[in-house]
Amino acid sequence: MVSETELLDAIPTTLWIGGPVSATGGATFPVHNPATGEVIANVADATPEDAVRALDAAAAVQAEWAATPARQRGEILRAVFEAITARSEEFALLMTLEMGKALPESRNEVKYGAEFFRWFSEEAVRIHGRYQSAPAGTGRILVHKQPVGPCLAITPWNFPLAMGTRKIGPALAAGCTMIVKPASATPLTMLLLAQLCSEAGLPDGVLSVITTSRSGAVTGPLLNDPRLRKLTFTGSTPVGKKLVEASAHGLLRTSMELGGNAPFVVFEDADIDAAVQGAVLAKLRNGGEACTAANRFHVQNSVRQEFTEKLVAAMAEYTLGPGTDPATTLGPLINESQLDIVGDLVEDAVAAGAKIELGGKAPGGAGWFYPATVLSDIPDTARILREEVFGPVAPIVGFDTEEEGLAAANNTEYGLVAYVFTQDLARALRVAEGLETGMVGVNRGVISDPAAPFGGVKESGFGREGGFEGIEEYLDTKYIALP
Ligand code: NAP
């Protein structure tokens, strides 16, 4: 295993446009370790001109990449999967250093993130069209799929690898070129990935990475450039809405993976121990900094007390500390502002009458730590029931009937994922169908799978990543009429 210093010394900190290149003007911005607040790297700060350079590179090789046989594209993707897997410890350590999560969490993300290259290496050769006779006997219909063209991907900091690979895998498999703009808090993982892709045989220009501290100013010109054909975004709902508006100018294809406010619904007929196990995963995976994180726990009143006591006991087992410490199971939050947001949501709930069952107070000192926290007796007015928490805080509220539970779960503008625990299959299906979300976990606290279509409805966005659906986001349908 490489040391932290060796690893950081070896990571590219330049832009990646057909290889490592400096930002115009040579400016850089710092990347911090959330466990200490210290600067771990200074990364090239792209200008709008640099973004256009990346699009020049993408546009120059788009036709050649689209014409590269699908088998060959798939083999390059497979080689990248192998390369990430071979260097999984480096990726894991790097993500822990720049994002903060505990090393086992980072290792899980490496597996999950790499898998999008394997899955889409297999999908590259299964892009189908169709041929049929026109029903009226007037001719023949040929349907052909083609890559949409150069794409821009904008990604968040919470899964520095997987949020990129979920987009890069299908785009490259479909024959699109892509420019990635990673979050400014966690740019290093994408830079390492770009280097690996190049080493694995990906032609220059097919994948570029532009790191910047001025996201809007740098990506704006691309959205207005007719050569760009698609924007795929993962991040918060307010930024997603702005980007949809900005994409209207060029009528870009868009995919929006936005915020969540996942309800976790426990019925009295559930296996309560299994529900608690699922709840801990749904809440504390990635330290609670996941769009799929359970945001609210709606528990049928007859089992609420038992569920609360068991959840408190299970969450109390988590050890807060630097992600690199082998004893740590819960790392720090990404930055001070996120720490303030989580602290404020808890204080607001407590001021409104909520009871702290566990945690509830940041330890202070260096780094941006917040402990595993459980709240009960939460009034409907508390902001924590409506806003995305993005931290290790579990608010528990009760309900009496199935109708009430379902209505409470759906009482949000978000619609990414919901979790249901019940041993009654008919109820599970009824409630799953009634939930206004793009995904439902039944008796499961983790649902992400590269082979499944991930995505939301309502203000959680549109488009799907992963599954057979994922590649469709990067394909246009052409109809060729034949005599
Ligand atoms: P964010 O503030 O919306 O930022 C996401 C990305 O957009 C970052 O790269 C950011 O760059 C960039 N950005 C911000 N303003 C921009 C602008 N005006 N124009 C172009 N780019 C802009 O979200 P975040 O705080 O990084 O991530 C947390 C959010 O992501 C949560 O709401 C979470 O639910 C959501 N998320 C959703 C999914 C999903 O699949 N649905 C998955 C993971 C996370 P900077 O870093 O420079 O600000």
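Residues numbered from 1 in each chain as written. Predicted model: local features only at pLDDT ≥ 70, side-chain atom pairs only at ≥ 80, totals over all residues. Heavy atoms only, no water.

**Considering the sheet that holds strand E5 (residues 130–133)**
Backbone-to-backbone hydrogen bonds join strands into a sheet, with any given pair of strands oriented parallel or antiparallel. Put simply, the test is: Strands pair, by our definition, only if DSSP identifies at least two bridges between them. Per the convention used, a helix needs a DSSP run of H or I reaching at least four residues, while a strand needs a run of E reaching at least two, with both numbered from the N terminus. All axes here are fitted lines through C-alpha atoms, helices being fitted over the stretch that makes contact, and every angle between N-to-C directions spans 0 to 180 degrees.
An order of E5-E6-E20 is seen for the three strands of this open sheet, with the pairing classed as antiparallel. Every interior strand has two partners, whereas the edge strands, E5 and strand E20 (475–482), have only one. Strand-to-strand, the axes of this sheet are offset by a mean angle of 20°, without reference to chain direction. The pairing of strand E6 (residues 140–147) with E20 spans eight bridges and is antiparallel. Bridging from a neighbouring strand, Arg-140 pairs with Leu-482 of E20.

**Things to note about the nonpolar core**
What counts, and what does not: Joining through side-chain atoms within 4.5 Å is the link that ties buried Ala, Val, Leu, Ile, Met, Phe, Trp, Tyr and Cys residues into a set, and such a set is a nonpolar core. Think of it in three bands: with a 1.4 Å probe and only protein chains considered, a residue is buried below 20% of the maximum accessible area for its type, exposed above 50%, and partly exposed in between.
Counting residues in each nonpolar core, the largest one holds 64 residues, and the members touching the most others are Ile-84, Phe-117, Ile-168, Leu-172, Met-178, Leu-188 and Leu-193. In this structure, Leu-284, Leu-358, Val-374 and Val-417 belong to the second largest nonpolar core, which totals 33 residues.

**Overview of the pattern of salt bridges**
Note the threshold: By salt bridge we mean one thing: a side-chain nitrogen of Lys or Arg within 4 Å of a carboxyl oxygen of Asp or Glu.
Following the criterion strictly, the structure yields 24 salt bridges and no others. Of the charged contacts in the structure, one is a salt bridge between Arg-430 and Glu-402, with a shortest N-O distance of 2.7 Å. Residue Arg-430 is found in helix H14 (residues 425–434), and its partner Glu-402 is found in helix H13 (residues 402–409); the two are separated by 28 residues along the sequence. Accessibility expressed as a relative area gives 12% for Glu-402, which makes it buried. Three or more residues are tied together by salt bridges with common partners; here these are Asp-269, Glu-402, Arg-427 and Arg-430.

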